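Summary of the model geometry
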Amino acid sequence: MSSKEQKLVADLAEKLHTPPTRDLSFYLVLAVGVLPIWSIVPLSWAFMIYTLHYGLIWTFAWRGWCLFALALCEVFFSVYHHNLASYISSPSPNGPGNLHELQAVFKRVLQAGLASLPEEGFDEETLDVDRPGSPAETLVALDYHDPRAVDFRNYLRTWFNKAPWSSIRRHEMYSWLYWSIFNASFPGIDKVSEAHQKVLHEVIKLLEDRAGAKIPEGSNPEAAPLLLTLDPVNVAWRPFIWYAGVALSNTILRRKLRTKWNVKIGVYKDLEYVLRVPPTWNAHTGPRPIVFMHGLGLGLTQYRRFIEHIFVALPDHPVLVPLLPHVSQEILHPRFLRPMGRQEMTACLAGLLAELGWVDLNEPSSDSSDAEDKVPGEGSKGRVHVRKGVTMLSHSNGSFGHAWMLKTHPRMINRSCFVDPVTFCSWEGDLCYNFIYRPCVNGLDLVIKYFVGTELGVANFLQRHFDWSANCLWYEEIPDARDPRKTMFFLGGKDSIIDATRVKRYLTSHGIRKGLWFDPEGRHGQALLSCSPGHNEILKWLREQY
């Protein structure tokens, strides 16, 4: 590489980030979609104050009384909503993670991208290496112009609001590291304990070697880090009628699923779920059960069509859908502001799968996904016992729960399908920046930000309970990641939440090719729509037709 080319590459991390200007769709969505809903609360307050101040309440006919009652509900609910928003504004309830585990994760982050792996990956059919690019790379000091160092600096600066790398100072880097390790505000290097100082010095030395550049002493507030669980929570109010509509819709859908599809709505240790088991299904000879982990949004209201498509396309498969109220805008649910973390979720889900007879907690399921894998059951007098495990399908935020299960109970998950996964490359900062911090520039951004991102439960989960080290999933943690029959990935090139191109690059560099379905024009969630080609590919894979 010539010196001119080296300088051009190195300048990638120095390029000043300028957000694009807002287009017409932003203002259309603002005027037609957001403002009418947002304005209900202030208009209700204004109506109440005006009515009571001038004594107009005594002149109302029944329509006026109905309007007054609705406004009164909105006023009281807005106070309740404000109190909940104030409650989650307090410091994160999550304490510091396990130091040894965090150090291992940091080391793995620094190793990512070090291996000389072609972006187009390997040939799965001829490659003899079991896990290409696994974390066996030695951390060495890279040259400033090394493309691996440039790439590292370029994506790490996302955590500093995409400030030029040269503007980041040691104090801000210590602040980011202290948050990511100890989940606490950085008081200054002289005010932390000697043990914490030692950890910070060790990590920053490794980080400087990986970046190929020393981080200057001093402080620059212009390059302040993004401290997800410490920064002020970004919550936008929404009216009582909105939450009432979501609750009513989900209640109706629960009843519809019971009557139309004969599903069971159950609860296992605080984990609510939807379960459909075909009457003729046999645990020993029937097809493998499917577990669908849904993402952020409106719960059943948002995912009902896709769930029903699974019921229609796979009528002989048992289907389990864990319901997550904290990301489904079910504000009156007792677990709305108490989301399950990794340990609780994996314990509940594994226990539920074991109770259903789909897995065995004491005797892990076989690694093989073939239906013919059979072993004699002990004490069964020669009876054949088939251990299948489950097929897990996750969308978006549901990939965090998927990742937790693969980390904790990998042998329970025989087949994995990730649709718009947010768990890969999440250490690079694009996910948090795009979903929480990035200004909206178009209508789709505004829809995602207002109707999902700034909702109380979602904001509480992402901005106060986010566990970045637990949420990161690495290639080597996925069993049979390069076997398209057992593992499938669906990405959209125009995904506005994750950097799908970088995720694709990460996966293909580890030999994943046939198991990756990439739609250059696809957007987040589009693969779940019946009109999308990806939708049919997902159902085809679930039917084990690959």
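Preceding block: the structure.
I will try to describe carefully the structure that is included in this document. (Residues numbered from 1 in each chain as written. Predicted model: local features only at pLDDT ≥ 70, side-chain atom pairs only at ≥ 80, totals over all residues. Heavy atoms only, no water.)

1. Thoughts on empty space enclosed by the protein
Note the cut-off: In this analysis, the protein atoms alone were mapped onto a 1 Å grid. Cavities are point sets where a 1.4 Å probe fits without being able to get out; pockets are open sets with protein on both sides within 12 Å along at least five of seven lines; lining residues have an atom within 4 Å of a point. Grid points are joined across faces, edges and corners, and a volume is the space filled by probe spheres set on the points. Strands here are runs of E lasting at least two residues and helices are runs of H or I lasting at least four, both read from the DSSP assignment and numbered beginning at the N terminus. Just so you know the grouping, Ala, Val, Leu, Ile, Met, Phe, Trp, Tyr, Cys and Pro go in nonpolar, Asp, Glu, Lys and Arg go in charged, and all remaining residues, Gly too, go in polar.
Across all of its chains, the model carries 8 cavities of 30 Å³ or more by this definition. Reported here for the largest cavity is a volume of approximately 130 Å³. Every residue lining the largest cavity is counted, 14 residues in all, and those nearest its centre are Phe106, Trp159, Trp176, Trp427 and Trp468. Those elements that place two or more of their residues in the lining of the largest cavity are helix 5 (99–111), helix 6 (147–156) and helix 7 (170–182). Each residue belonging to the lining of the largest cavity can be placed in one class, and the counts come to 12 nonpolar, 2 polar and no charged.

2. Section: unusual backbone geometry
Positive phi is not limited to glycine here, since Asp270 has a value of about 75°. Among the secondary structure elements, Asp270 is positioned in the loop between strand 1 (264–268) and strand 2 (271–276). We note that Asp420 has phi near 50°; this positive angle belongs to a residue other than glycine. Following the sequence through the fold, Asp420 ends up in the loop between strand 8 (413–419) and helix 13 (430–437).

3. Some points on the layout of surface pockets
Taken as a whole, the largest pocket holds about 840 Å³ of empty space. The wall of the largest pocket is formed by 37 residues, among which Leu296, Gln302, His395, His524 and Gly525 lie closest to the centre. Going through the elements one at a time, helix 10 (300–313), helix 13 and helix 14 (443–453) are the ones with two or more residues in the lining of the largest pocket.

4. Re the pattern of salt bridges
The condition that has to hold: Counted as salt bridges are all cases of a side-chain nitrogen of Lys or Arg within 4 Å of a carboxyl oxygen of Asp or Glu. When a residue's accessible area, from a 1.4 Å probe over protein chains only, is under 20% of the maximum for its type it is buried; when over 50% it is exposed; and in between it is partly exposed.
Tallied over the full model, the rule gives 20 salt bridges. Here Glu208 ties to Arg170 by a salt bridge, and the two come within 2.8 Å at their closest N and O atoms. Here Arg170 lies in helix 7 and Glu208 lies in helix 8 (residues 194–211), a separation of 38 residues in the sequence. When sorted by exposure, Glu208 lands in the same class as Arg170, which is buried. Measuring nitrogen to oxygen at the nearest pair gives 3.5 Å for the salt bridge that ties Arg170 to Glu217. Of this pair, Arg170 sits in helix 7 while Glu217 is found in the loop between helix 8 and helix 9 (240–261), placing the two residues 47 residues apart along the sequence. With relative accessibility at 61%, the residue Glu217 sits in the exposed group. Within the structure, one salt-bridge network assembled from shared partners comprises Asp151, Glu428, Arg502 and Arg505.

5. Some thoughts on the sheet that holds strand 8
Our working definition: Strands were regarded as paired on the criterion that DSSP finds at least two bridges between them. Axis definition: a line fitted to C-alpha atoms, limited for helices to the stretch in contact. Angles are taken between N-to-C directions and run from 0 to 180 degrees. Residue contacts are defined here by distance: any two heavy atoms, one from each residue, within 4.5 Å place the two residues in contact.
With mixed pairing, 8 strands are arranged side by side in an open sheet as 1-2-4-3-7-8-9-10. The outermost strands of the open sheet, each flanked by one partner alone, are strand 1 and strand 10 (516–519). Between one strand axis and the next, the sheet turns by 20° as a mean value, whatever way the strands run. Pairing analysis gives 4 bridges linking strand 3 (residues 290–293) to strand 7 (residues 390–395), with the strands arranged parallel. Each bridged residue has a counterpart across the sheet, and for Ile290 the counterpart in strand 7 is Thr391. Those strands touched by helix 11 (residues 342–355) are strand 1, strand 2, strand 3, strand 4 (319–322) and strand 7, and its axis lies near 35° from that of strand 2.

6. Some thoughts on the pairing of strand 10
Heads up, the condition is: The handedness rule is simple: strands pointing away from the viewer, and a clockwise path from the first strand over the helix to the second, make the crossover right-handed.
Relative to strand 10, strand 9 (residues 487–492) runs parallel, the two sharing 4 bridges. Paired with Phe489 across the bridge in strand 10 is Leu516. With helix 17 (residues 500–508) bridging strand 9 and its parallel neighbour strand 10, the resulting β-α-β unit is right-handed.

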